[in-house]
Protein chains: 4
Amino acid sequence: MNFTGVIPILATPFHDDESFDAESMTRLVGLMRRIGVDGVTVLGVLGEANRLGDNERERVIRTAVDAAIDLPVVAGASASGNRAACDLARMAESAGASAIMITPHAEAMPSDERVFGYFASITEATSLPVVLQDHPASSGVHMPLELMLRIVNELPAISCIKEEAVPTPPKIRALTTGMKKRRIPILTGLGALYGLFDLQAGSHGFNTGFAFPEVLMAMVDAANEENWDRVQSIYTRFLPLIVFEQQPGVAVRKEILRMRGAIADNRVREPGAPLNAAVRDQLAMLISTLLPDADLTAPTLI
Amino acid sequence: MNFTGVIPILATPFHDDESFDAESMTRLVGLMRRIGVDGVTVLGVLGEANRLGDNERERVIRTAVDAAIDLPVVAGASASGNRAACDLARMAESAGASAIMITPHAEAMPSDERVFGYFASITEATSLPVVLQDHPASSGVHMPLELMLRIVNELPAISCIKEEAVPTPPKIRALTTGMKKRRIPILTGLGALYGLFDLQAGSHGFNTGFAFPEVLMAMVDAANEENWDRVQSIYTRFLPLIVFEQQPGVAVRKEILRMRGAIADNRVREPGAPLNAAVRDQLAMLISTLLPDADLTAPTLI
Amino acid sequence: MNFTGVIPILATPFHDDESFDAESMTRLVGLMRRIGVDGVTVLGVLGEANRLGDNERERVIRTAVDAAIDLPVVAGASASGNRAACDLARMAESAGASAIMITPHAEAMPSDERVFGYFASITEATSLPVVLQDHPASSGVHMPLELMLRIVNELPAISCIKEEAVPTPPKIRALTTGMKKRRIPILTGLGALYGLFDLQAGSHGFNTGFAFPEVLMAMVDAANEENWDRVQSIYTRFLPLIVFEQQPGVAVRKEILRMRGAIADNRVREPGAPLNAAVRDQLAMLISTLLPDADLTAPTLI
Amino acid sequence: MNFTGVIPILATPFHDDESFDAESMTRLVGLMRRIGVDGVTVLGVLGEANRLGDNERERVIRTAVDAAIDLPVVAGASASGNRAACDLARMAESAGASAIMITPHAEAMPSDERVFGYFASITEATSLPVVLQDHPASSGVHMPLELMLRIVNELPAISCIKEEAVPTPPKIRALTTGMKKRRIPILTGLGALYGLFDLQAGSHGFNTGFAFPEVLMAMVDAANEENWDRVQSIYTRFLPLIVFEQQPGVAVRKEILRMRGAIADNRVREPGAPLNAAVRDQLAMLISTLLPDADLTAPTLI
């Protein structure tokens with residue numbers, strides 16, 4: 001697995017009664033395959049992983065792996081204790097995941113040493129490559145550059161950085177410059193909010209939940225060709241939707257996936273806020289102006 | 001189940017490799033039975049519940065229930081989503097728990113309405129009585145008096161309040177005065193740090209991890225007899241140990257339980273801090289001055 | 001004062017040694033007058049108010065008021081105690097401010113009643129109108145809808161809401177619907193990140209630090225004419241800059257103001273991060289593509 | 001100035017209208033002189049420093065210095081920007097303070113380098129010795145051992161550590177062991193809650209607001225004579241009051257100072273909670289059982 005390009009974070013579809021909707025998950029993965037992404041990630045924040053029991057997590061991974069066929073599946077496996085995270089990592093491995101994504105857990109007494117130990121113990125527990133997620137806004141953990149470089153240097157299983165500590169462009173640059181002994185790809189998230197600037201700074205692509213990954217793929221392709229005018233032009237065109245989507249709450253993204261025919265229901269697990277009717281109307285209007293007459297259920301040509 | 005008196009919060013014993021030590025759990029519950037407590041609670045913060053997988057949680061409850069015989073077992077069943085909490089609650093019920101303890105989960109956008117909905121959904125999911133835990137320091141959720149009274153009034157399954165929002169005495173009084181339609185017992189926790197003052201304020205006992213519950217039982221008995229001199233005298237005598245024990249980290253309490261013969265190892269799951277050698281010496285010295293020549297493995301006469 | 005349209009939040013200019021640069025402040029206010037904004041706000045978060053002493057705050061207000069001539073000046077006057085906030089409010093009044101902006105201060109024990117009391121005491125201390133700022137990300141205070149409506153209804157001095165609790169559009173709608181007894185304008189901030197959606201939801205304009213207020217003025221004008229295509233088109237065109245600017249840290253905005261000839265130096269007070277060289281290059285490139293050949297020191301025609 | 005022994009943190013007395021009560025401050029310092037403490041600290045958290053304007057802070061320092069005669073006065077001078085802290089430090093110096101107390105300020109992006117720079121800039125701004133306060137619960141800043149040792153080693157003006165990061169005993173030991181190049185005294189605070197254990201771990205005394213400093217002085221004297229039985233016996237006797245006092249909110253301590261004749265009113269600045277009547281009764285009862293028939297206005301013989 002390469003960890004470059006576009007690896008969407010998938011929502012976890014639920015039926016109206018909040019039970020897992022495996023059929024929608026299969027359809028969602030299928031849409032991603034048709035779009036041609038480089039992999040998919042399940043059980044991130046967008047996947048409402050923290051609202052799932054362990055058995056449900058396993059079902060989500062197995063369903064995604066089955067549907068993905070040859071597409072790599074990355075599984076979120078963070079937990080609040082090292083051992084629980086290792087158990088999740090082993091479960092993900094046996095369920096067929098190609099990699100795991102790990103974010104450190106906030107502790108009462110922050111300690112760089114313990115964060116390192118957390119990653120070390122997980123990389124010992126499985127043979128899977130690990131995506132190191134740096135997202136202080138959700139984790140509460142601020143990883144200094146030195147700590148991240150140490151983790152990359154000393155733990156060969158760490159195979160990708162998902163950089164989401166704002167402002168991201170300077171941190172991407174500092175990581176890129178700092179990785180002297182061992183170089184691994186850096187992807188960015190945050191709904192691609194800073195996509196243009198992250199690519200300029202050296203990001204290798206996206207690992208995020210934006211519901212039109214084909215937009216991000218076109219940006220990455222253009223960046224690889226150093227066609228920065230095209231990157232900026234695509235980014236600018238879709239930025240209103242990127243901004244709209246990354247508002248707090250996952251209901252907006254689920255609604256787009258519903259509009260795309262991928263999932264049956266935009267249901268979010270309580271206490272997550274359901275989709276507000278006025279917000280849904282704003283979203284529908286926005287999409288109709290950005291992609292007039294488009295068949296949303298098919299990959300969109302950018 | 002009565003929810004008055006002393007219901008200790010139990011540590012979850014681990015072997016040296018951090019795996020669950022069921023034999024120690026059985027011995028720990030046995031010690032509590034011999035001491036004569038009114039019930040035990042598993043899977044609280046002290047029980048390192050957040051570092052356990054779902055299967056491990058079930059094993060902890062089943063082990064405790066088996067060992068408890070006729071002693072009621074309360075199981076912590078809080079989770080970050082309503083449905084996951086309901087699933088844990090149902091699991092606890094089928095594993096034989098007599099009640100569950102629930103603390104609300106911090107959300108990005110706090111909302112009293114959603115906290116109420118959280119408790120409402122859980123009480124619908126099981127037929128078990130529920131202990132409502134109010135501990136902002138660990139949950140990040142500040143429940144106003146009005147919200148707590150509404151929960152008590154409208155949800156008959158709520159059977160006890162575990163009040164740990166400092167300063168506790170005025171909140172205990174306000175709750176006591178405010179519960180007009182329905183009165184339920186109030187227990188306090190926080191390692192019994194404010195035990196004397198909580199009892200003066202009307203607390204019905206303790207639901208906490210202090211490793212000598214017999215001390216708290218003697219205080220409650222004296223309070224019930226309105227022998228406040230005796231309450232204060234017991235409290236004062238053991239307060240240095242109460243203070244020492246409630247320092248952050250669960251290793252200190254596990255070490256006392258080890259000294260009491262209840263658990264084999266004071267091991268804490270990573271990234272929890274292990275017992276510091278100097279701290280262990282301080283603890284041993286302190287206990288030897290408070291309880292000289294005592295057989296710690298037997299219930300202590302206060 | 002009207003509290004509709006565009007009221008920019010001003011940076012506080014510093015010399016290279018971090019001392020207050022009154023001359024730049026005068027020039028900055030002058031640029032805003034030439035642009036034709038509806039007022040200016042000093043001593044917000046962007047104004048680094050929390051890094052200034054009381055005497056410096058007074059100097060900032062007096063300098064802005066002197067330069068503003070007939071343009072209204074709103075002064076941030078939040079503090080961590082009611083009395084200190086009242087003292088700041090009175091100082092702002094005697095220094096010639098036309099209004100004050102107040103955000104509640106996080107307390108160890110959150111209480112809607114105390115937040116109300118905070119606003120009540122400030123409105124009693126001065127005769128100035130008050131802008132109620134709702135920005136949980138910086139204040140740590142989540143104000144429920146009911147509390148905000150009560151503040152608006154019971155305190156006639158509250159003259160405007162600055163709504164910055166994400167997602168903003170549904171809260172703007174709920175406030176608009178809820179203000180039955182008394183209606184006051186709602187402005188939005190957050191660097192205008194959600195500007196299109198906020199205007200659609202009923203916002204009356206902007207109170208934020210985006211360094212090209214003429215862009216926001218053109219959006220508000222178009223919205224007032226219900227020319228939503230034009231609103232969206234302006235928003236889309238400048239959104240990359242809006243996104244870039246609202247990254248954490250005030251150095252980026254200061255650099256734009258420097259490029260616009262308004263302030264002499266982009267210096268930020270320690271421990272605020274200074275402008276990163278690569279970030280400065282990204283910014284310069286971005287502006288040159290958005291506004292090629294423009295004279296940035298003059299109001300820009302949109 | 002020595003920075004060993006007992007240096008009480010003083011409350012800031014207010015009249016009923018929340019204005020500064022200089023006469024009570026003079027009387028309060030007078031009581032401390034008669035008790036024979038080693039210095040006093042004004043403008044800490046207990047001093048409600050964050051609820052005072054800059055002019056009020058200066059008045060508090062000048063009043064304390066005038067009343068203190070030959071007793072050293074330490075002034076809190078923390079601020080949220082380096083320059084504002086330097087300005088406060090210079091003000092404290094010119095107002096006659098003997099030392100300043102500094103705690104780092106939480107930043108959006110924590111950085112050990114910036115915390116070091118904060119202390120460095122302040123020690124350059126004045127010639128006063130500096131007490132380095134380590135109290136994450138109020139500051140939100142967790143200083144690793146290595147950072148604290150670097151600050152001590154490289155900044156000769158740092159003259160004392162006020163250690164309040166729980167659990168304190170192991171950190172006191174680690175600091176003591178780690179200070180190889182330069183040794184400075186370590187005092188502890190937290191209302192002396194862990195006083196016995198802190199002294200056992202090597203603390204040189206107390207810098208805290210407990211309203212009976214003579215109790216702490218007796219403990220320090222006994223510790224210096226290695227009479228640990230006496231330390232423990234004093235600690236145990238007064239621990240119920242120590243525990244009661246350190247509950248959140250400063251009203252309890254102000255009430256004791258009022259009972260001691262030192263201040264006229266227990267008034268706390270809004271939005272601080274006023275003294276609850278039932279809490280006041282608990283306090284009065286507790287003091288009457290601990291110190292029956294004592295003249296509280298005179299130094300108490302322990």
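Residues numbered from 1 in each chain as written. Chains lettered and ligands numbered in written order. Predicted model: local features only at pLDDT ≥ 70, side-chain atom pairs only at ≥ 80, totals over all residues. Heavy atoms only, no water.

> Outline the overall build of chain A, listing residues and values.
Within chain A one finds 12 helices and eight strands. Over its C-alpha trace chain A gives a radius of gyration of 18 Å, about what one expects of a compact globule, namely 19 Å for 302 residues. Projected onto its principal axes, the C-alpha coordinates of chain A cover approximately 55 × 45 × 35 Å. Burial status across chain A gives 64% buried among its 302 residues. Taking the intrachain contacts of chain A between residues at least 6 apart in sequence as the baseline, contacts between residues at least 24 apart amount to 72%. Of the accessible surface of chain A, which amounts to about 10,500 Å², a share of 50% is contributed by carbon and sulfur atoms. Each charge class in chain A can be summarised by its mean position, and for the 27 positive and 36 negative side chains these summaries are 2 Å apart. (Helix = DSSP H or I, 4+ residues; strand = E, 2+ residues; numbered from the N terminus. Rg over C-alpha atoms; globule rule 2.2 N^0.38 Å. Buried < 20%, exposed > 50% of the residue type's maximum accessible area, 1.4 Å probe, protein only. Contact = heavy atoms within 4.5 Å. Areas by Shrake-Rupley, 256 points an atom, 1.4 Å probe, with all protein chains shown as cover. Lys, Arg positive; Asp, Glu negative; His and termini not counted. Charge placed at Lys NZ, Arg CZ, Asp CG, Glu CD.)

> Break down the layout of surface pockets for me, citing the residues and quoting the values.
Residues and elements named next belong to chain D. The space that makes up the second largest pocket amounts to roughly 210 Å³. Around the second largest pocket, the lining is made up of 15 residues, and of these His204, Val220, Asp221, Ala223 and Asn224 lie nearest the centre. Looking at the lining of the second largest pocket, its residues break down into six nonpolar, six polar and three charged. (1 Å grid on protein atoms, 1.4 Å probe; cavity = no way out; pocket = protein on both sides within 12 Å on 5 of 7 lines; lining within 4 Å. Points joined across faces, edges and corners; volume = space filled by probe spheres on them. Nonpolar A, V, L, I, M, F, W, Y, C, P; charged D, E, K, R; others polar.)

> Explain the pattern of salt bridges residue by residue, including any values.
Oppositely charged side chains may form a pair once their charged atoms are brought near each other. In total, this model carries 69 salt bridges over all chains according to the counting rule given. Here arginine 258 of chain D makes a salt bridge to glutamate 255 of chain D, at a shortest N to O gap of 2.9 Å. Here the residue arginine 258 of chain D and the residue glutamate 255 of chain D both occupy positions in helix α11 (residues 251-259), the gap between them amounting to three residues, near one helical turn. Through salt bridges with shared partners, a single ionic network connects Glu48, Arg51 and Lys254 of chain C together with Glu107 of chain D. (Salt bridge = Lys/Arg side-chain N within 4 Å of Asp/Glu carboxyl O.)

> Describe the relation of the copies chain C and chain A, and please don't skip the residues or the numbers.
Aligned on chain A, chain C shows an RMSD of 0.0 Å; the corresponding rotation is 180 degrees and the shift along the axis is 0.0 Å. Expressed as a symmetry operation, the mapping of one chain copy onto the other fits a two-fold axis. Most of the interface of chain C is mirrored in chain A, where 100% of its interface residues are also at the interface. (Least-squares fit on C-alpha atoms with pLDDT ≥ 70 in both.)

> I'd like a rundown of helix α12 (residues 277-290) of chain B, residues and numbers included.
Its 14 residues give α12 of chain B an end-to-end C-alpha distance of 20 Å, which sits within 8% of 20 Å, the value for a rise of 1.5 Å per residue. What α12 of chain B keeps buried is the set Ala278, Val279, Gln282, Leu283, Leu286, Ile287 and Leu290 of chain B. Looking at the buried residues of α12 of chain B, the elements they touch are α10 (228-245) and α11 (251-259) of chain B together with α7 (168-178), α8 (195-200) and α10 (228-245) of chain D. For α12 of chain B, the N-terminal cap is asparagine 276 of chain B; the gap from its side-chain oxygen to the backbone nitrogen of alanine 278 of chain B is 2.8 Å. (Expected span 1.5 Å × (residues − 1). Polar contact = N/O pair within 3.5 Å; in protein donor to acceptor, adjacent residues only side chain to side chain.)

> Can you break down the interface of chain C and chain B residue by residue, with the values?
At the interface, six residues of chain C touch six residues of chain B. Counting the surface lost from both chain C and chain B, the interface buries some 410 Å², and carbon and sulfur atoms represent 72% of this. By the criterion of area lost to chain B, the three top residues of chain C are Met109, Pro110 and His142 of chain C, representing 72% of everything that side buries. At the boundary of chain C with chain B, the tally comes to zero salt bridges. Its residues assigned to classes, the side of chain C that touches chain B shows five nonpolar, one polar and no charged. (Buried area = accessible area lost by both parts, 1.4 Å probe.)

> Got a sec to walk through the pairing of strand β4 (residues 99-102) of chain D? Specific residues and values, please.
Residue and element names in this part refer to chain D. Neither face of β4 is exposed, since Ala99 and Met101 on one face and Ile100 and Ile102 on the opposite face are all buried. Sheet topology note: the strand β3 (residues 73-76)/β4 ladder contains three bridges and is parallel. Note that in β4 the partner of alanine 75 across the bridge is isoleucine 100. As for the winding sense of the linkage, the β-α-β connection from β3 through helix α3 (residues 82-94) to β4 is right-handed. Where β4 and strand β5 (residues 130-134) come together, three bridges link them in parallel fashion. Looking across to β5, one finds that isoleucine 100 is bridged to valine 130. Between β4 and its parallel partner β5, the chain crosses via helix α4 (residues 112-125), and the hand of that crossover is right-handed. (Pairing = 2+ DSSP bridges. Right-handed = clockwise from strand over helix to strand, strands pointing away.)

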